[in-house]
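Chain residues, written in single-letter form:
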Amino acid sequence: MRWDLNAESLLKLTPSLHDLNFLTLQSITKNRSYWCVTMRKALVLLCGSVLMLAQFCIAGTAENEDSGRTKRDARTLRVTTILQEPYTMEKNSALEGYCIDLMKELSKKLDFKYTIHLVKDGFYGRQDEQGNWNGMIGEVVRSEADLAMASLTITAMREKAVELTKPFMQTGIGIILRKDIVSSESHFFEFLNPFSKETWIGILIAYLMTSVCLFIVARLSPCEWSEPQTEGNRFTLLHSFWYAAGALTLQGPGPQPKALSVRVISVIWWLFTVVLLASYIASFSSMRNSDSTKLSIETFEDLAKQDVIEYGTIRDSSTFSFFKNSNHPTYRMIYEHMQRRHSLVSSVEEGIRKAQGGSFAFIGESMSLDLAVARYCSLTRVPEVIGMRGYAVATALGSPLVKNLSVAILQLTESGELEYLREKWWATTCVSKEGGSSGPLNPHCLGGIFFILAGGLALGVLLALVELAVQSKTSAEEQKKSCCSVFSEELSCRFRNSSSKKDQDVPEKSKA
């Protein structure tokens, strides 16, 4: 039997993807037998089953892909790093340092696990003539590591090879050299340099205490002020300050003291003044003579214009490339000098060691130089810093991790966590052992004279009280009163508020 089917009828037989129920034929040729209809229904059922199976397979494949992607995102990240103090250091077969702590903070914020290993060839990452990368950058490019965490400088070449996050630390190019071959910066109040700030404060306190003690002892002592009811006291508070200041400048403003107690304080203050002035003059002269034999290096231009101190940087480093590729006249002069004198070094440690030896200035990244200054008191860093750049974390090109890592780094910066880590790992362990003659004098250097002055002041006050007690005892015997009552009356008479007024009234009455 022949089926009378046209194209329109076949299209109507195709089941819909949105309706998986059995499709019914909308038009069936008249005078068709029952078994033909049954065959057509079986054909429709078969087509619907095939389409249902296809949709189920597609959905299953998508679910498997999502599950695999989730597993890949949740895998443990491989991190490569390099040994450099204080970023990454080995201690008891474990790693510690600034970068290790930073990696812990990032893993907490982004909730991922990681394993960390040292780079195999010991390099940061440099491209050869064939375009291949070595070091940590090479491991990230070859998918041997997912992240590179170290003091990795952001450069244009590295940006082309890998993805770099926002910088977690800013650095530049600086200079370190020994303190004793470079003069300190001159300023307007350089005459204060012979003494430290603490010493000047101690001198001011000593001056105030001596002046007050002169005022008190001059009122207590009956030998200095025998008739407080009828005569004025020559050592007023203002005159006591003037007398102490005059002695400090080796002058002798009158009137001179008569009582033993006041003279004891005056002599001790004169001794203190002589020792103080001698120490100041000697320290100031030593500083000026020392600075006259030192170089003044505060900028890279100062370094380039002198030929007494040798200088250099690390061979084939980013700092070396900066000077090599620069068109700045001063930087070109520095590059040509290093090439001509062969003053390049192989590592940061070698550069620091040569700088400690003297007559050598090491040029390097400022953060590494700051660490050297914090560890070694004999070194100092020149104020100028050039070529500012940043350290960043490296990931593979197109990695979705770079965005999240950058946001986490910014959050750590805003919360002050990165500043805390810097203070932690750059804390100075420098203990100065050079009490150089050209340095400012600290209080412990003049501690003996301060101690003698304190003893002299106490002795003067004690002598004044003894003098007053002796006179009170004599007056008590004459007036047949208690010694304590007479002593109290004497104290009250000498320190009561109206005494100054009476002192002024008595001369006026005598004149009348």
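Residues numbered from 1 in each chain as written. Predicted model: local features only at pLDDT ≥ 70, side-chain atom pairs only at ≥ 80, totals over all residues. Heavy atoms only, no water.

Novice: For the overall build of the chain, give the residues involved together with the corresponding values.
Specialist: For the chain, the count of helices and strands is 18 helices and 12 strands. Taking the contacts inside the chain whose residues are at least 6 apart along the sequence as the reference set, 73% of them involve residues at least 24 apart. (Helix = DSSP H or I, 4+ residues; strand = E, 2+ residues; numbered from the N terminus. Contact = heavy atoms within 4.5 Å.)

Novice: Which residues make up the UniProt feature "transmembrane region" (unreviewed entry) in the chain, and what values do they have?
Specialist: In this numbering, the UniProt entry assigns the feature "transmembrane region" (unreviewed entry) to residues 200-220, 232-250, 262-282 and 446-470. Overall, residues 200-220 shows 100% helix and 0% strand. The separation of its end C-alpha atoms is 30 Å. Overall, residues 262-282 shows 100% helix and 0% strand. The separation of its end C-alpha atoms is 30 Å. (UniProt positions renumbered as here; feature names shortened; annotations may be inferred.)

Novice: Any chance you could break down the environment of T380 for me, citing the residues and the numbers?
Specialist: Among the structural elements, T380 can be located in strand 10 (residues 379-381). Under the relative-accessibility criterion, T380 is labelled partly exposed at 24%. (Buried < 20%, exposed > 50% of the residue type's maximum accessible area, 1.4 Å probe, protein only.)

Novice: Kindly report on helix 12 (residues 348-357), identifying the contributing residues and their values.
Specialist: Buried within helix 12 are the following residues: G351, I352 and A355. With its buried residues spanning 95 degrees around the axis, helix 12 presents them on a single face. Across from the buried face of helix 12, at angles greater than 90 degrees, the exposed residues are E349, R353 and G357. As for helix 12, its buried residues are in contact with strand 7 (169-178), strand 9 (360-365), helix 13 (366-375) and strand 10. Downstream of helix 12 by one or two residues, G358 has phi in the positive range, about 100 degrees. (Arc of directions from axis to C-beta.)

Novice: Give me the lowdown on the packing of helix 6 (residues 197-220) against helix 16 (residues 447-479), citing residues and values where you can.
Specialist: At a minimum axis distance of 10 Å, the contact between helix 6 and helix 16 shows a crossing angle of 10 degrees. Put simply, helix 6 runs roughly parallel to helix 16. Contacts between helix 6 and helix 16 involve T199, G202, I203, A206, M209, T210, C213, V217 and L220 from the first element and F450, L453, L457, G460, V461, A464, L465 and L468 from the second. The residue makeup of the contact of helix 6 with helix 16, split by class, is 13 nonpolar, four polar and no charged. (Axes fitted to C-alpha atoms, helices over the stretch in contact; angles between N-to-C directions. Parallel < 35°, antiparallel > 145°, perpendicular 65-115°, else oblique. Nonpolar A, V, L, I, M, F, W, Y, C, P; charged D, E, K, R; others polar.)

Novice: Explain the packing of aromatic side chains to me, and be specific about the residues and the numbers.
Specialist: Tallied over the entire structure, the rule returns 22 aromatic pairs. Each member of the aromatic cluster is reached from another via a ring pair, and the members are Y87, Y98, F168, Y391 and W426. (Phe/Tyr/Trp six-rings, centres within 6.5 Å; stacked < 30°, edge-to-face > 60°.)

Novice: Tell me what's going on with the pattern of salt bridges, and back it up with residues and numbers.
Specialist: Throughout the structure, instances matching the rule amount to nine salt bridges. For K305, the salt bridge identified is with E301, shortest N-O distance 2.8 Å. Placement of both K305 and E301 in helix 9 (residues 300-305) is noted, with a separation of four residues, approximately one turn of the helix. On the basis of relative accessibility, which here comes to 64%, the residue K305 falls in the exposed class. E301 gets classed as partly exposed once you look at its relative accessible area, which sits at 39%. A cluster of three or more residues bridged by salt bridges with shared partners is formed by D370, R381 and R422. (Salt bridge = Lys/Arg side-chain N within 4 Å of Asp/Glu carboxyl O.)

Novice: Tell me what's going on with the environment of Q127, and back it up with residues and numbers.
Specialist: Within the secondary structure layout, Q127 lies in the loop between strand 4 (114-118) and helix 4 (135-141). The partly exposed category is assigned to Q127, whose relative accessible area is 31%. Sequence separation between Q127 and G138 is 11 residues; the distance between their C-alpha atoms is 8.5 Å.

Novice: An account of the UniProt feature "site: Interaction with the cone snail toxin Con-ikot-ikot" (unreviewed entry) in the chain is needed here, citing residue identities and associated values.
Specialist: Per the UniProt record, "site: Interaction with the cone snail toxin Con-ikot-ikot" (unreviewed entry) is annotated on K324. Within the secondary structure, K324 sits in helix 10 (residues 318-325). For K324, a relative accessible area of 42% translates into the label partly exposed. The residues touching K324, leaving out its near neighbours within four places in the chain, are R332 and Y335.

Novice: Before we move on, can you summarise helix 15 (residues 417-425) with the specific residues and values?
Specialist: By the burial criterion, the buried members of helix 15 are L418, L421 and W425. The buried residues of helix 15 occupy one face: seen down the axis, they fall within an arc of 60 degrees. Of the surrounding secondary structure, the elements contacted by the buried residues of helix 15 are strand 2 (89-91), strand 3 (94-96), helix 3 (98-110), helix 13 and helix 14 (401-414).

Novice: Residue-level account of the sheet that holds strand 4, with values.
Specialist: In space, the five strands of this open sheet follow the order 4-1-5-12-6, with mixed pairing throughout. A single partner strand is all that each edge strand has here, and the edge strands are strand 4 and strand 6 (163-164). Here helix 3 sits on the sheet and contacts strand 1 (77-81), strand 4 and strand 5 (147-148); the angle it forms with strand 4, its principal contact strand, is near 160 degrees. (Pairing = 2+ DSSP bridges.)

Novice: Break down unusual backbone geometry for me, citing the residues and quoting the values.
Specialist: At the junction of E85 and P86, the peptide bond is cis and its omega measures out at 0 degrees in the coordinates. Note that P86 resides in the loop between strand 1 and strand 2. Even without a glycine there, the phi angle at S93 is positive, about 60 degrees. Along the polypeptide, S93 turns up in the loop between strand 2 and strand 3. The exposed category is assigned to S93, whose relative accessible area is 79%. Despite not being glycine, S143 shows a phi value in the positive range, around 60 degrees. Here S143 is to be found in the loop between helix 4 and strand 5.

Novice: Outline the nonpolar core, supporting the account with residue identities and numerical values.
Specialist: Among the nonpolar cores identified, the biggest contains 28 residues, and V262, W269, F272, F450 and L453 are the most heavily contacted of them. Elements that contribute at least two residues to this core include exactly helix 6, helix 7 (237-248), helix 8 (260-292) and helix 16. Broken down by element, this core gets its largest block of residues, eight residues, from helix 6. Residues within four places of V262 in sequence aside, it is in contact with L214, V217, A218, E224, F235 and P257. Residues C99, M367, I409 and L421 belong to the second largest nonpolar core, which totals 26 residues. (Core = buried A, V, L, I, M, F, W, Y, C linked by side-chain atoms within 4.5 Å.)

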